[in-house]
Amino acid sequence: MTDTYWRFEKRFGGRPPTRSQKFSAKHPVLIGTLVGVVMFAILLAVSLGAGNGAAYSVPVSLLGGLLLGAVLGGTCLLERRRQQKLFGDR
């Protein structure tokens, strides 16, 4: 199954990565951190603006920011792996 995926990817998706793809593959922790902090701030502002108390808003916003940052950081790591597998270290 894995070999089939990589053959398909090489044949149909074998274009060189764009500048943004290269940047995200080189800096997955930075991207995950920035997205997590921004999401935390947005969720906190919305939650506090809705009249929820800080005891509820802060942990929920923190969890949301951590989860989204982890998902996008992991996606960047997968993009790094894809670039290394298809194009080698450039």
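If you're wondering where the values come from, they're calculated on a predicted model, not measured in any experiment.

Novice: Could you give an account of the overall build of the protein chain, naming the residues involved and the relevant values?
Specialist: Within the protein chain, the regular secondary structure consists of four helices and zero strands. Starting at the N terminus and walking to the C terminus, you meet the elements of the protein chain as α-α-α-α. For 90 residues, the compact-globule estimate of 2.2 N^0.38 gives 12 Å, and the protein chain exceeds it by more than 25% at 18 Å. Projected onto the principal axes, the alpha-carbon positions of the protein chain cover approximately 55 × 25 × 15 Å. Looking at the protein chain as a whole, 23% of its 90 residues are labelled buried.

Novice: Which residues make up a nonpolar patch on the surface, and what values go with them?
Specialist: Nonpolar side chains collect at one region of the surface, where Phe23, Leu30 and Leu34 lie side by side and expose about 280 Å² of accessible area between them. Mapped onto the elements, Leu34 comes out in helix H3 (residues 28-49).

Novice: Now, about the packing of helix H1 (residues 2-12) against helix H4 (residues 54-87): what can you tell me, with residues and values included?
Specialist: Packing of H1 against H4 leaves a shortest axis separation of 11 Å and a crossing angle of 75°. In terms of orientation, H1 lies roughly perpendicular with respect to H4. Side by side, H1 and H4 meet where Trp6, Glu9 and Lys10 of the first sit next to Arg81, Arg82, Lys85 and Leu86 of the second. The class makeup of the residues in the contact of H1 with H4 is two nonpolar, no polar and five charged.

Novice: I'd like to hear about the environment of Val60, residue by residue, with values.
Specialist: Following the sequence through the fold, Val60 ends up in helix H4. According to the relative accessible area criterion, Val60 is partly exposed, its value standing at 42%. For the pair Val60 and Ser47, spaced 13 residues apart in sequence, the C-alpha to C-alpha distance is 8.8 Å.

Novice: Tell me about H4, and please be specific about residues and values.
Specialist: The end-to-end C-alpha distance of H4 is 48 Å, a good match for the 50 Å that 34 residues give at a rise of 1.5 Å each. If you check which residues of H4 are buried, you get Ser57, Ser61, Gly65, Gly69, Gly73, Cys76, Glu79, Arg82, Gln83, Leu86 and Phe87. Note on H4: the residue one or two positions beyond its end, Gly88, has a positive phi of about 75°.

Conventions adopted
- Residues numbered from 1 in each chain as written.
- Predicted model: local features only at pLDDT ≥ 70, side-chain atom pairs only at ≥ 80, totals over all residues.
- Heavy atoms only, no water.
- Helix = DSSP H or I, 4+ residues; strand = E, 2+ residues; numbered from the N terminus.
- Rg over C-alpha atoms; globule rule 2.2 N^0.38 Å.
- Buried < 20%, exposed > 50% of the residue type's maximum accessible area, 1.4 Å probe, protein only.
- Patch = residues over 30% accessible without salt bridge, like charges linked within 9 Å, V, L, I, M, F, W, Y side chains within 5 Å.
- Areas by Shrake-Rupley, 256 points an atom, 1.4 Å probe, with all protein chains shown as cover.
- Salt bridge = Lys/Arg side-chain N within 4 Å of Asp/Glu carboxyl O.
- Axes fitted to C-alpha atoms, helices over the stretch in contact; angles between N-to-C directions.
- Parallel < 35°, antiparallel > 145°, perpendicular 65-115°, else oblique.
- Contact = heavy atoms within 4.5 Å.
- Nonpolar A, V, L, I, M, F, W, Y, C, P; charged D, E, K, R; others polar.
- Expected span 1.5 Å × (residues − 1).

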